[in-house]
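As a plain string of letters, each chain reads:
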Amino acid sequence: MSHRMKYWLFCAMAFAAAAAAGIVIGATVPAAGAGDNAALLFLLLLGVCGLVMAAGWLWWKRTDDLQQQGQLISWYWGGNFGALAMLVYLAVFFGRHSDISLGAIYLFFAQFVGFAGVWLVWRLRGRGQSE
Amino acid sequence: MKNCLRDLRKAQGLNQADLADRLAISRQTIIAIEADKYDPSLPMAYRMAAFFDVPVEVLFINPWKVNPPDRPSPV
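Treat the numbers as computed from the prediction; the structure is a model and nothing was measured.

Here's the deal with the pattern of salt bridges
Residue and element names in this part refer to chain B. By the definition in use, this model includes four salt bridges over all chains. One salt bridge in this structure joins E34 and R9, with 2.6 Å as the shortest N-O distance. With a gap of 25 residues between them, E34 in helix α3 (residues 27–34) and R9 in helix α1 (residues 5–11) connect regions that are remote in the sequence. Taken individually, E34 and R9 each receive the classification buried, so the pair is uniform in this respect. A single salt-bridge network, built from bridges that share partners, covers R6, R9 and E34.

Structural notes on helix α3 (residues 65–94) of chain A
For α3(A), spanning 30 residues, the distance from its first C-alpha to its last is 42 Å, which sits close to the expected 44 Å at 1.5 Å a residue. The largest bend along α3(A) reaches roughly 30 degrees and is located at W75(A). Within α3(A) the residues assigned to the buried category are L66(A), Q67(A), L87(A) and L90(A). For α3(A), the elements touching its buried residues are α1 (3–28) and α4 (99–125) of chain A together with α3 of chain B.

Digging into the interface of chain B and chain A
Residue-level contacts link 11 residues of chain B with eight residues of chain A. Both sides together, the interface formed by chain B and chain A hides about 820 Å², and carbon and sulfur atoms give 54% of it. Where chain B meets chain A, there are zero salt bridges. Counting across the interface, chain B meets chain A through seven residue pairs in polar contact (both at pLDDT 80 or more). Residue contributions to the side of chain B that touches chain A peak at three residues, all from α3(B).

Focus on the packing of aromatic side chains
How two aromatic rings sit relative to each other is set out by the distance from centre to centre and by the angle between their planes. Taken as a whole and assessed by the stated rule, the structure comprises nine aromatic pairs over all chains. Each ring, one from Y89(A) and one from F93(A), has its centre 4.7 Å from the other, and the planes form 40 degrees; the classification is tilted. Of this pair, Y89(A) and F93(A) both sit in helix α3, separated by four residues, roughly a single helical turn. Judged by relative accessible area, which is 41%, Y89(A) ranks as partly exposed. For F93(A), a relative accessible area of 59% puts it in the exposed group. Ring centres of F51(B) and F52(B) lie 5.0 Å apart, and the angle between their planes is 85 degrees; this geometry places the pair in the edge-to-face category.

Considerations on the domain arrangement of chain A
All names here are of chain A. According to the domain assignment, chain A consists of domain 1 (1–63) and domain 2 (64–131). On a C-alpha basis, the centres of domain 1 and domain 2 stand 19 Å from each other. Taken together, the contacts link five residues of domain 1 with six residues of domain 2. Between domain 1 and domain 2, roughly 440 Å² of surface is buried when both sides are summed, and carbon and sulfur atoms account for 61% of that area. When the buried surface of domain 1 facing domain 2 is broken down by residue, W59, W60 and T63 rank first, second and third, together holding 87% of it. At the junction of domain 1 with domain 2, the criterion picks out zero salt bridges.

The rules we used
Residues numbered from 1 in each chain as written. Chains lettered and ligands numbered in written order. Predicted model: local features only at pLDDT ≥ 70, side-chain atom pairs only at ≥ 80, totals over all residues. Heavy atoms only, no water. Salt bridge = Lys/Arg side-chain N within 4 Å of Asp/Glu carboxyl O. Helix = DSSP H or I, 4+ residues; strand = E, 2+ residues; numbered from the N terminus. Buried < 20%, exposed > 50% of the residue type's maximum accessible area, 1.4 Å probe, protein only. Expected span 1.5 Å × (residues − 1). Bend = angle between axes of the 7 residues up to and from the residue. Contact = heavy atoms within 4.5 Å. Buried area = accessible area lost by both parts, 1.4 Å probe. Polar contact = N/O pair within 3.5 Å; in protein donor to acceptor, adjacent residues only side chain to side chain. Phe/Tyr/Trp six-rings, centres within 6.5 Å; stacked < 30°, edge-to-face > 60°. Domains from an automatic or database assignment.

Take a look at the structure:
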C-alpha cells in the first residue's frame, strides 16, 4: 500500500473514531442534567476521548513536516480566533453569565489547561544540558 | 531555500507523486520545496539527500557559505 493510501486510510479512521465517539456520547449522556453514576460515565467517556486521540495520533505519525506545520498554525491561529470570536458573540447576545456563555468559557479554560500541559511536556522534553 | 530537488527528481525519471511515495511524505511537500516555498526539517533534508545519494548541500544550497557568484548571497 502506498504512503498516500495509508495516510488517507488513517485520516478516515481518525474521523470514524471521532464520529463513533459522538454516537457513544449521544447514546449514554442524558439530554439535560446529570444521569446516575455521572462520575463513572465521565471516566468512561474520557477513555473514549483517549481512543479518539489515539486514532488521531496514528494519522499524525503519517503526516510530514509541512502537513504538521499546516495543522499547528491553522489550529493555533484559526482555532483560537474562531473560539474567541464565538465567546464574544455568546457573551454579547446571550449575556456574560448565561449558561451557554459559561459553557463556552469552561471549554476555553479546558483548552488552555490542555495547551499548558502539552506545552510543559514539550518544554521538558526539549531540555538539554546547559553549559 | 534554493534547491535542486526538481533536477534530481527528473534525472531519476520520477514524478512528484512517485517521489513523495518513495520518501513517505506528501506530494504537497515536494511541490512546496521545489517552489522554494518551504524549507524541510533537517531529518527530512537528510532523508531526501540519502535517497538521491548526494550530500545535503548538493540538494539544498547553503546561502551562508562562500559560494561562486551564481549562488545566492546570505539572506
